Amino acid sequence: MTIKIGLVGTGTVGGGCLDILANHKEDFKRIYGLDLELVRVCSLDVEAAKAYGVEDIFTTDFHDVVNDPEVDMVIELIGGTTFARTLVTEALKAGKHVVTANKALMATYGEEVMGLAAEKGLEIAFEASVGGGIPIIDPLKHSLTANGISSVMGIVNGTTNYMLTRMAQEGLAYEDVLAQAQALGYAEADPTADVDGLDAAAKIAILASIAFHSRVTINDVHTEGIRNIKPMDLDAAAEMGYAVKLLAIADRTDQGISVRVHPAMLPLSHQLSNVNGVFNAIYVTGDFVGETMFFGEGAGAGAAASAVMGDVIEVARHIQMGCGPIVGCTCVDKLPIVPVEDLECRYYIRFTVADRPGVMAAMAGVFAQHGVSLYSVSQRGSDDAGEVSLSFVTHTVAEKDVRAALAEIAQLEDVQLDDPSVIRVVK
């Protein structure tokens, strides 16, 4: 059966998809009985048409793809939530199935586009929106559906994982390792989405929505990044038997869904502690399956294109069988989002303070006034610089009490010469 495809976006992932179609077209026909025919390619990069030999089906206007009556399926790979939203909704309205790698779109407007797809009896597939080439959305929708999922926790941003790995292993400063990540192409010129946790927030919103069958958007995710992490924090963590990772965490609780992104200390015995470099991993806990982990490369042309084309083949097979989406939107519950202030855990908190008598005692006093019980206190640094680093590790305490204490400590004289480093300790 011939399935005709329109592809929009010829960047890193789009180019990978074009390569897969060129290299494996005959395999798809032989193994699955699917003739995937590329009939339209859209991009603002006219040179890409020449590079991939698609000049005869090339356009710079996505409407040419959406309105082409021959196109059965549209692959959206332009990213963002403006033109991409318009493209996807217009494609669905025109009766086209959609495959996308767009995490921002699905984390922000997932309910809209999935609702429209259901209304039209069409499919929207988005495996590549989380974890690149790591299969995670399909397992949550199929293989793990017999379970009640209690937790999804993962390293879902390769840039920050690479940076934290280099900082921990080589003692490099944040600024130096960021520059190296940018030089290697792991980080963008503007690294905000990665280092401030926004990329990870979009991904955990998608995973939480699927795992807990309740709508979670990126705006529901409490988000903190890694800008304030220093090598001394990673050294302190190692001394205590922990590794520091930027974690995306979603928990199903009696109160609702707790969903957040922040730096966290993980015991070195935890499998995620050994996920280094640009690799990603997602740890899922179900009531019957127990603990499972999905590991692999989270980005890059090959990994993401693999996931996109896997979706293309799956949707094409559904078209071939004449059936609708096997699993559409499953967000049937309306669970509340638990405020991060209700979180209870242990905390590592480091301040840069003036090296003067009484500073540590004053800070410890504020913690005590707010009911924050301290497990340990340590000091690092030399009085030659006139400042030292004070690190506190708490017992299990409420987030709201820690926040109240930090706000008051910030007003103390000689304290907080820069923003404190706050790392939650995950069991």
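Since this is a predicted model, take the numbers as computed values, not measurements.

### Here's the deal with the packing of aromatic side chains
Right, on to step 1. What the rule picks out here adds up to 4 aromatic pairs.
Right, on to step 2. Their ring planes at 65° and their centres at 4.9 Å tell us that Tyr162 and Tyr186 sit as a pair that is edge-to-face. Of this pair, Tyr162 sits in helix 7 (residues 158–170) while Tyr186 is found in the loop between helix 8 (174–183) and helix 9 (192–195), placing the two residues 24 residues apart along the sequence.
Right, on to step 3. Classification of Tyr162 by relative accessible area gives buried; the value is 8%.
Right, on to step 4. With a centroid separation of 6.0 Å and 80° between ring planes, the pair formed by Phe351 and Phe392 is classed as edge-to-face. One end of the pair, Phe351, is in strand 13 (residues 344–354); the other, Phe392, is in strand 15 (residues 387–394), with 41 residues separating them in the sequence. Each member of the pair, Phe351 as well as Phe392, is classed as buried.
Right, on to step 5. Feature note: the residues Phe351, Phe367 and Phe392 constitute an aromatic cluster, connected by ring pairs.
Right, on to step 6. Over the face of the ring belonging to Tyr375 we find Arg346, whose NZ or CZ atom lies 5.1 Å from the ring centre.

### Some remarks on the pattern of salt bridges
Right, on to step 1. Counted under the stated rule, the structure contains 18 salt bridges.
Right, on to step 2. For Asp196, the salt bridge is made with Arg227, and the minimal N-O distance between the two is 2.6 Å. With a gap of 31 residues between them, Asp196 in the loop between helix 9 and helix 10 (198–212) and Arg227 in the loop between strand 8 (222–223) and helix 11 (231–239) connect regions that are remote in the sequence.
Right, on to step 3. With a relative accessible area of 23%, Asp196 lands in the partly exposed category.
Right, on to step 4. A salt bridge links Glu224 to Arg424, with the nearest nitrogen and oxygen atoms 2.8 Å apart. With Glu224 in the loop between strand 8 and helix 11 and Arg424 in strand 17 (residues 421–425), this pair connects stretches of sequence that are 200 residues apart.
Right, on to step 5. Relative accessible area serves as the criterion here: at 21%, Glu224 is assigned to the partly exposed category.
Right, on to step 6. Residue classification places Arg424 among the buried residues on the basis of a relative accessible area of 2%.
Right, on to step 7. A network of salt bridges, in which partner residues are shared, links Glu224, Glu341, Glu399, Arg403 and Arg424.

What counts as what
- Residues numbered from 1 in each chain as written.
- Predicted model: local features only at pLDDT ≥ 70, side-chain atom pairs only at ≥ 80, totals over all residues.
- Heavy atoms only, no water.
- Phe/Tyr/Trp six-rings, centres within 6.5 Å; stacked < 30°, edge-to-face > 60°.
- Helix = DSSP H or I, 4+ residues; strand = E, 2+ residues; numbered from the N terminus.
- Buried < 20%, exposed > 50% of the residue type's maximum accessible area, 1.4 Å probe, protein only.
- Lys NZ or Arg CZ within 6 Å of the ring centre and 35° of its normal.
- Salt bridge = Lys/Arg side-chain N within 4 Å of Asp/Glu carboxyl O.

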